[in-house]
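# Examination of the molecular architecture
Residues per chain, in single letters:
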Amino acid sequence: MFDFTICLHCGCSQEVVNAQKLSLVPLEKKYNISWNNRIDRFPHMYPTYSELINHSVASSETETVILINDRCSPKPEEVEKILNLLNNGFACVLLYNVGFMGFTKDLVRKIGWWDQRFIQGWEDRDWVWRIKEADLALYESQEAQYDYSWRSPLNHPTGKCEEDHFKKKWSFVQNGILHRQLPEEKYPEWDKYIEYKEPQAYMHWNQSILNVDFDKPNSGASASSMVKGRVIL
């Protein structure tokens, strides 16, 4: 049986966690699932959203990790879709942006941890750009169900500082070229939880599937569309 971890990000409502888990429990008939739920691990506000993701990945027992935001209503077949796409060479699968996604720890070994210099916002764009920079295939969509009617009190408000950091890290220059100006930060506190494994093989960025179902009222521009046709140096 295939082993993977499901990380439920809700830290403010046991009812939400229970509903998400109940929906996905049928997967246990086919897979060995480890549950790594924020509400059990750290039901408080993280300093940054990136740290929430990094802690989730580092504290997960398995190589493959599925991460689910508190406003998603996940379905078993969606989790299986993520697993199948990862197995077929995609480095990262987004079923509702980074609110419902899956990747393996090998991707972190390749491109680094999530950038904790972002507080709340723009870290998702940064993650996608780094996947393109590494020439790895991405599946990007908004096909899952996402509830915009509420927001967790454990989330930081978004702010201009995140965009400012993004612009310091990535510079637009002429002729469609993007230039990286800041290296990734090192996080030894997380590195110690990821042991070395043989590197995985992935498809290339030009084999990505992008902008699926980005036609909803709250969609906005996808992270990949912001870097479309550009070269990262």
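Structure: above.
Residues numbered from 1 in each chain as written. Predicted model: local features only at pLDDT ≥ 70, side-chain atom pairs only at ≥ 80, totals over all residues. Heavy atoms only, no water.

## A few points about the sheet that holds strand 5 (residues 100-104)
Reading across from one edge, 2-1-3-5-4-6-9 is the order of the seven strands in this open sheet, with mixed pairing throughout. Pairing within the sheet leaves two strands with one partner each, and these edge strands are strand 2 (31-35) and strand 9 (209-212). On average, adjacent strands in this sheet sit at an angle of 15 degrees to one another, irrespective of strand direction. Contacts from helix 4 (residues 76-87) reach strand 1 (2-8), strand 2, strand 3 (64-68), strand 4 (92-94), strand 5 and strand 6 (138-141), with the element oriented near 35 degrees to strand 5. (Pairing = 2+ DSSP bridges. Helix = DSSP H or I, 4+ residues; strand = E, 2+ residues; numbered from the N terminus. Axes fitted to C-alpha atoms, helices over the stretch in contact; angles between N-to-C directions. Contact = heavy atoms within 4.5 Å.)

## Things to note about the nonpolar core
Membership of the largest hydrophobic core comes to 39 residues, with the highest contact counts inside it found for F103, L107 and I131. Residue assignment for this core shows that the elements contributing at least two residues are helix 3 (49-58), strand 3, strand 4, strand 5, helix 5 (105-111) and helix 6 (123-133). Here the element with the most residues in this core is helix 3; it accounts for five residues. If we skip the residues at most four places from it in the chain, F103 touches I53, V57, E63, T64, V65, L67, L86, A91, C92, V108, W114 and W127. Within the second largest apolar cluster, 27 residues are counted, among which are V17, Y96, A137 and A144. (Core = buried A, V, L, I, M, F, W, Y, C linked by side-chain atoms within 4.5 Å. Buried < 20%, exposed > 50% of the residue type's maximum accessible area, 1.4 Å probe, protein only.)

## Quick look at the packing of aromatic side chains
One pass over the structure, following the stated rule, counts 13 aromatic pairs. Centre to centre, the rings of F4 and Y31 are 5.4 Å apart; their planes meet at 70 degrees, and the pair counts as edge-to-face. Here Y31 lies in strand 2 and F4 lies in strand 1, a separation of 27 residues in the sequence. Residue F4 is classed as buried on the basis of its relative accessible area, which comes to 0%. On the basis of relative accessible area, Y31 is assigned to the buried category, the value being 14%. A centroid spacing of 6.4 Å and a plane angle of 65 degrees characterise the contact between Y96 and Y148, whose relative ring orientation is edge-to-face. Residue Y96 is found in the loop between strand 4 and strand 5, and its partner Y148 is found in the loop between strand 6 and helix 7 (160-169); the two are separated by 52 residues along the sequence. Taken together, the aromatic side chains of F118, W122, W129, F166 and W170 make up a single cluster linked through ring pairs. Stacked on the ring of W122, the Lys or Arg R125 has its end atom at 4.2 Å from the ring centre. (Phe/Tyr/Trp six-rings, centres within 6.5 Å; stacked < 30°, edge-to-face > 60°. Lys NZ or Arg CZ within 6 Å of the ring centre and 35° of its normal.)

## Some details on helix 3
Counting buried positions along helix 3 gives 10 out of 10 residues, so the element sits mostly inside the fold. For helix 3, the full list of buried residues reads Y49, S50, E51, L52, I53, N54, H55, S56, V57 and A58.

## Looking at the pattern of salt bridges
Scanning all chains against the criterion turns up 16 salt bridges. Between E63 and R109 there is a salt bridge, with its nearest N and O atoms 2.7 Å apart. With E63 in the loop between helix 3 and strand 3 and R109 in helix 5, this residue pair connects regions lying 46 residues apart in the sequence. Using a relative accessible area of 22% as the deciding quantity, one classes E63 as partly exposed. The salt bridge partner of K169 is E184, with a shortest N-O separation of 2.8 Å. Note that K169 is positioned in helix 7 and E184 in the loop between strand 8 (177-180) and helix 8 (188-191), a separation of 15 residues in sequence. The same class applies to K169 and to E184, which are both buried. A network of salt bridges, in which partner residues are shared, links D115, R117, D126, R130, E133, K169, R180, E184 and E185. (Salt bridge = Lys/Arg side-chain N within 4 Å of Asp/Glu carboxyl O.)

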